[in-house]
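Spelled out, the chains give:
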Amino acid sequence: MSAAATEAGTLPDAPSGSLLHRIVWHWRHNPKWELWFAWWMMVVFYNLYGVLFFMVTRVQPPPPAWLDASSVVQWFDDRHQGLLVGFAIVFLITGFIVPTNALLAYSMRRMSVSRAFPYSYLVIYSMSAVPGMLLTCVALTVGAMRPDRDPELIHWLYDFAFMAFDGTMGVFLIGSLVWMLAILLDENRVFPKWFAYLNLCNALTEVVVSPAWIFKRGVFAWDGAITWWIDMVVFVIYTTVFITLLRRMIVREDFGTGPLPELRTEEEAAEDARKPSVSMGTAR
Amino acid sequence: MTNVASDGSRPRGGDVQSLADEPAEATGYVPGQPDMWAFVLFEAFLFTGYFVVYMVCRIQNPELYLQSQAQLDLRIGTFNTFVLLTSSWSVARCVQSAREGEFRSALTNVFLTILFGFVFLVSKLLEWAHEIGKGFGFSSNEFFSFYYFLTAIHFLHLLIGFIVLGVVVHQLWSPARRSQELVETGATYWHTIDFLWVIIFALLYVMR
């Protein structure tokens, strides 16, 4: 598939100058620049999120839920600078969620379904940032801020942070079901139906997190093989798929209200380009 | 294989009656929406992950698993399996009847499937109540954690299955709808529930 095949017909050729020059050109001439901006913000956000949580702060994969107070203090000491610097950056980039959520809602706004779907999705996913990111980061930052604090208090912050992170499950569950239902009802073919079913699969993995409320050890604890590792694999696949599908949606977007045009291969686009001249020749 | 129109397009609502008169062609199409088969694949991968984790835990503590397994009633598990296999048979008959344009029979079979699903649901609830009554809860030991987890996540699929069968009934009810593709898609989902249960049954009740 050629991504340029559909766009080529609606856009004049972009100049081949410097990156800055091309960005300015697209800002002035490309009617999809806001969509592309939101999409790139989404890509940057998820990549930064991964680097900051897994490599800088090292709070993911999550540490064991069974650690005692002295081990938790040691855990904070080992990551002291990473937690403070990493979460300072996380708070700076939190705003990236806005264009990300806007694009997700836009995809549903483009469907032939009620406006209730994008609006509820927007509210749900904006809400998920509070427990899933902000509360977790605040609690862990507070824990790292004063290492001489009472170990029992630091232990409390540790539990609070990771339970808050898992607390997003219900929000993501409903969000995935809203998206699934919108895709199944949509007649504009914005997304393939299999993605609706992948949403269902993702929603079911959110349910699987619930045993983390009961267990401190084993596969059902917050760091367990079932509660975290398998869910994370599904989440990475799900995220990669929807970022890819959103890109295809932007390429296909025609700003109409009917079905989105399908992407065409370069051969089909070339064939379409030849057709008018053939018919004109026949007319003559 | 599902019916395919002469131009290769898949049947839509209202096309079923005329398509039902044509002999089924041997084509490369899968029954129902191919998208649902993608779901079957996702679920198969996901449950494979759960089963592998279960097996690894079991290998580390075989005595505990064997002793706990003995607390389960194999007859209930066998009954559950028999009921679900029967429900798969009736949903297959529903698809066949719809293909032949016998929609009254198709509806009867889908209602039978719902009934068998309901019997499974009630027997599973009774079994859980029975095990809890004996003192074996979700956090009693590792085996029972897996037992409740696997049967509960399967139970959730079953509940979604009732919604899916509701869509099938909705399609078959009115001559204005009757999309063979949706009927087959629903049946594919229901077979997935059955398929997953058979493996869960083998792992939890049978394997020693």
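Just so it is clear, the model here is predicted, and its values are computed rather than measured.

Looking at the overall build of chain B
- From N to C terminus, chain B includes seven helices and zero strands.
- When the helices and strands of chain B are read in sequence order from the N terminus, they spell out α-α-α-α-α-α-α.
- Per-residue burial over chain B gives 38% buried out of 208 residues.

Details of the overall build of chain A
- A tally of helices and strands in chain A yields 12 helices and zero strands.
- Considering only intrachain contacts with a sequence separation of at least 6, the fraction spanning at least 24 residues in chain A is 71%.

Here's the deal with the interface of chain A and chain B
- With 20 residues of chain A at the interface, the matching set in chain B holds 19 residues.
- Breaking the side of chain A that touches chain B down by element, the ones donating at least two residues are helix 10 (193-207) and helix 11 (225-252) of chain A.
- Per-class residue counts for the side of chain A that touches chain B are 18 nonpolar, one polar and one charged.

Regarding the nonpolar core
- Counting residues in hydrophobic clusters, the biggest one holds 108 residues, and the most contacted among them are Y121 and C201 of chain A.
- Here this core gets 11 residues from one element, more than from any other, and that element is helix 6 (residues 142-173) of chain B.

Quick word on the confidence of the model for chain B
Residue and element names in this part refer to chain B.
- Per-residue confidence for chain B gives a mean pLDDT of 87; residues scoring 70 or more make up 87%.
- The low-confidence segment residues 1-25 (pLDDT under 50) makes 43 contacts with residues lying over four places distant or belonging to another chain.
- Reported for the predicted complex are a pTM of 0.84 and an ipTM of 0.83.

So, the environment of L125 of chain B
- Tracing the sequence through the fold places L125 of chain B in helix 5 (residues 103-133).
- C-alpha of L125 of chain B to C-alpha of S140 of chain B: the two residues are 15 residues apart in sequence and 18 Å apart in space.

Topic: unusual backbone geometry
Residue and element names in this part refer to chain A.
- Here the amide bond leading from Q60 into P61 is cis, since omega sits at -5°, within 30 degrees of zero.
- Tracing the backbone shows P61 in the loop between helix 3 (33-56) and helix 4 (69-78).
- A positive phi angle, near 60°, is found at F255, a position not held by glycine.
- Its place among the elements puts F255 in the loop between helix 11 and helix 12 (266-283).

A word on helix 4 of chain A
Residue and element names in this part refer to chain A.
- Along helix 4, the positions that sit buried rather than exposed are V72, V73 and F76. Relative to the axis of helix 4, the buried residues are bounded by an arc of 100° and lie together on one face. Along helix 4, the residues that are exposed and aim more than 90 degrees away from the buried face are S70, D77 and D78.

Considerations on the packing of helix 4 (residues 74-99) of chain B against helix 7 (residues 180-206) of chain B
All names here are of chain B.
- Viewed as axis vectors pointing N to C, helix 4 and helix 7 meet at an angle of 165°, and their least axial separation amounts to 9 Å. With respect to each other, helix 4 and helix 7 are oriented roughly antiparallel. Between helix 4 and helix 7 the crossing geometry is left-handed.
- Residues that form the contact of helix 4 with helix 7 fall into these classes: 15 nonpolar, seven polar and three charged.

As for helix 9 (residues 169-185) of chain A
Residue and element names in this part refer to chain A.
- For helix 9, which comprises 17 residues, the first-to-last C-alpha distance of 24 Å matches the rise-based estimate of 24 Å (1.5 Å per residue) to within 8%.
- Residues M169, V171, F172, G175, S176, V178, W179, M180, A182 and I183 constitute the buried set of helix 9.
- Structurally, helix 9 contributes buried residues whose contacts are with helix 6 (97-109), helix 7 (116-145), helix 8 (151-166) and helix 10.

Looking at the environment of S107 of chain A
All names here are of chain A.
- Checked against the element boundaries, S107 lands in helix 6.
- On the basis of neighbour counts, which here come to 24 C-beta atoms within 10 Å, the residue S107 falls in the buried class.
- Considered as a pair, S107 and D148 are 41 residues apart in the sequence and their alpha carbons are 49 Å apart.
- Residues contacting S107, with those up to four places away along its chain left out, are V190, L246 and M249.

Thoughts on the confidence of the model for chain A
Residues and elements named next belong to chain A.
- Confidence in the prediction for chain A averages 87 pLDDT; 90% of positions are at 70 or higher.
- Helix 1 (residues 3-8) is the least confidently modelled element of chain A, averaging 44 in pLDDT, while helix 4 averages 96, the highest of any element.
- Contacts from residues 1-6, a stretch scored under 50 in pLDDT, to residues over four places away or in other chains number 16 contacts.
- Between residues 277-284, whose pLDDT stays under 50, and residues either more than four places distant or in other chains, the model counts zero contacts.

Examining the environment of G258 of chain A
Residues and elements named next belong to chain A.
- You can see G258 is positioned in the loop between helix 11 and helix 12.
- Residue class for G258 comes out exposed when judged on the 10 C-beta atoms lying within 10 Å of it.
- Separated by 71 residues in the primary sequence, G258 and E187 place their C-alpha atoms 8.3 Å from one another.

Points about the packing of helix 2 (residues 34-60) of chain B against helix 7 of chain B
Residue and element names in this part refer to chain B.
- Across the interface, helix 2 lies against helix 7 with an axial gap of 10 Å and an inter-helix angle of 10°. One way to sum up the angle between helix 2 and helix 7 is to call them roughly parallel. For the pair formed by helix 2 and helix 7, the contact residues are M36, W37, V40, E43, F47, F51 and Y54 on the first element and T185, T188, Y189, T192, L196, I199 and L203 on the second.

What counts and what doesn't
- Residues numbered from 1 in each chain as written.
- Chains lettered and ligands numbered in written order.
- Predicted model: local features only at pLDDT ≥ 70, side-chain atom pairs only at ≥ 80, totals over all residues.
- Helix = DSSP H or I, 4+ residues; strand = E, 2+ residues; numbered from the N terminus.
- Buried ≥ 20, exposed ≤ 12 C-beta atoms within 10 Å, placed from the backbone.
- Contact = placed C-beta atoms within 7 Å.
- Nonpolar A, V, L, I, M, F, W, Y, C, P; charged D, E, K, R; others polar.
- Core = buried A, V, L, I, M, F, W, Y, C linked by C-beta atoms within 7 Å.
- pLDDT = per-residue confidence, 0-100.
- Arc of directions from axis to C-beta.
- Axes fitted to C-alpha atoms, helices over the stretch in contact; angles between N-to-C directions.
- Parallel < 35°, antiparallel > 145°, perpendicular 65-115°, else oblique.
- Left-handed = near helix turned anticlockwise from the far one by under 90°.
- Expected span 1.5 Å × (residues − 1).

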